[in-house]
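Reading the structure
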Amino acid sequence: MLRPYKVGDFIQAGGVTGTVKELGLFGTTIVTMDNVTTIVGNGKVFGDNIQNYSALPVRRVDCVAKVANSVNPMDAIARLRPVIAAIPNVSQDPAPDIEILEFTPEGPKLCVRPYTHTDHYWQVYFDTHKAIVETFGAAGYPVPETPVAYRQTSASAA
């Protein structure tokens, strides 16, 4: 039968995200990230969108790093590039993306986006966050603070 996924693929289908354990005539068995076995009726699976995270050789890991206004974002990017590229299982092709994502009152947000095989997604995700903390700490960057005006507005709203 023609199926957009196979046993072992990591998918989102029928409102469930996880690894396909079994393909049945009437349902697909998916093991979720919190280790729950869920059987989704094939009518529901094929009646909605299916995302197959395993179909391509690499997947982008999306992380965000906020730096204080006093920090030069280009310096932060330059420090992160070699550190992120050196994380085990990070793909070199395509190379990790590290760019300015947006500006906030606390400081710029950087998108830190390494690529990896689906099998290593969570390892790379957590290692990337650790690398950001360690790199910024070693550089002596201050922690971004919420502006006083925003804190007062938020406190009065509560």
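Now for a quick tour of the structure. All residue numbers here refer to positions counted from 1 along the written sequence of the relevant chain. Given that this is a predicted model, residues contribute local features only at a pLDDT of at least 70 and side-chain atom pairs are listed and counted only at 80 or more, while totals for whole chains, interfaces and linings are drawn from all residues. Hydrogens and water are ignored here; the side-chain numbers use all heavy atoms of the structure.

1. What to know about the overall build of the chain
Applicable threshold: Numbered from the N terminus, helices here are DSSP runs of H or I no shorter than four residues, and strands are runs of E no shorter than two. Only the C-alpha atoms count toward the radius of gyration. The rule for a globule is 2.2 Å times the residue count to the power 0.38. Residue contacts follow a heavy-atom distance rule, with two residues in contact if any of their heavy atoms lie within 4.5 Å. Accessibility throughout is a Shrake-Rupley quantity obtained with a 1.4 Å probe, and a residue counts as covered only by protein chains that appear here. Positive charges come from Lys and Arg alone, negative charges from Asp and Glu alone, with His and the N- and C-terminal ends not counted. Just so you know, the charge point we use is NZ for Lys, CZ for Arg, CG for Asp and CD for Glu.
What the chain contains, in helices and strands, is four helices and 10 strands. Seen in sequence order, the chain has helices and strands lined up from the N terminus as β-β-β-β-α-β-β-β-α-β-β-β-α-α. Radius of gyration (C-alpha) of the chain: 20 Å, far over the 15 Å computed for a compact globule of 158 residues. Taking the contacts inside the chain whose residues are at least 6 apart along the sequence as the reference set, 58% of them involve residues at least 24 apart. In the structure as shown, the chain presents an accessible area of about 9,400 Å², 56% of it carried by carbon and sulfur atoms. The positive charge centre, built from 13 side chains, and the negative charge centre, built from 15, are 3 Å apart in the chain.

2. As for helix 2 (residues 73-85)
Counted only if it meets this: Expected helix span is taken as 1.5 Å per residue step, with the number of steps being one fewer than the number of residues. Throughout, exposure labels follow a simple rule: accessible area from a 1.4 Å probe, protein chains only, divided by the maximum for the residue type, with under 20% read as buried, over 50% as exposed, and the rest as partly exposed. Here a polar contact means two N or O atoms within 3.5 Å. Within protein one must be a hydrogen donor candidate and the other an acceptor candidate, and residues neighboring in sequence count only if both atoms are side-chain atoms.
The end-to-end C-alpha distance of helix 2 is 18 Å, a good match for the 18 Å that 13 residues give at a rise of 1.5 Å each. All of the buried residues in helix 2 are Pro73, Ala76, Ile77, Leu80 and Ile84. If you follow the buried residues of helix 2, they end up packed against strand 8 (97-104), strand 9 (107-113) and helix 3 (121-138). Near the N-terminus of helix 2, the side chain that reaches the backbone nitrogen of methionine 74, with its oxygen 2.8 Å away, is that of asparagine 72.

3. Details of the packing of aromatic side chains
The test is simple: For this analysis, a ring pair means two rings from Phe, Tyr or Trp (six-membered ring only for Trp) whose centres lie within 6.5 Å, classed as stacked if their planes differ by under 30 degrees, edge-to-face if by over 60, and tilted for the remaining angles.
A full pass over the atoms with the stated rule returns eight aromatic pairs. Look at tyrosine 121 and tyrosine 125: their rings are 6.3 Å apart centre to centre, the planes differ by 20°, and that puts the pair in the stacked class. With a gap of four residues between them, tyrosine 121 and tyrosine 125 both fall in helix 3, about one helical turn apart. Accessibility expressed as a relative area gives 10% for tyrosine 121, which makes it buried.

4. Quick notes on the sheet that holds strand 9
Put simply, the rule reads: By the convention used here, strands pair only if DSSP detects at least 2 bridges between them. For every element, the axis is a line fit to its C-alpha atoms; helices are fit only across the contacting stretch, and the angle between N-to-C directions ranges from 0 to 180 degrees.
With respect to topology, three strands assemble into an open sheet ordered 7-9-8, the strand pairing being antiparallel. The open sheet is flanked by strand 7 (63-66) and strand 8, the only strands paired with a single partner. Mean inter-strand twist for the sheet, computed between neighbouring axes without regard to direction, equals 30°. Of the strands in this sheet, strand 8 and strand 9 touch helix 2, which is tilted by about 145° from strand 8. Taken strand by strand, helix 3 contacts strand 7 and strand 9, and its axis lies near 15° from that of strand 7.

5. Re the pattern of salt bridges
Operational definition: Any carboxyl oxygen of Asp or Glu that lies within 4 Å of a side-chain nitrogen of Lys or Arg is treated as forming a salt bridge with it.
One pass over the structure, following the stated rule, counts seven salt bridges. In this structure, lysine 6 and aspartate 9 form a salt bridge, with 3.0 Å as the shortest nitrogen-oxygen distance. For lysine 109, the salt bridge is made with glutamate 102, and the minimal N-O distance between the two is 3.4 Å. With relative accessibility at 22%, the residue lysine 109 sits in the partly exposed group. For glutamate 102, a relative accessible area of 37% translates into the label partly exposed. Among the charged side chains, a network of salt bridges with common partners joins Arg60, Asp62 and Arg113.

Honestly, it's all geometry; don't read function into it.
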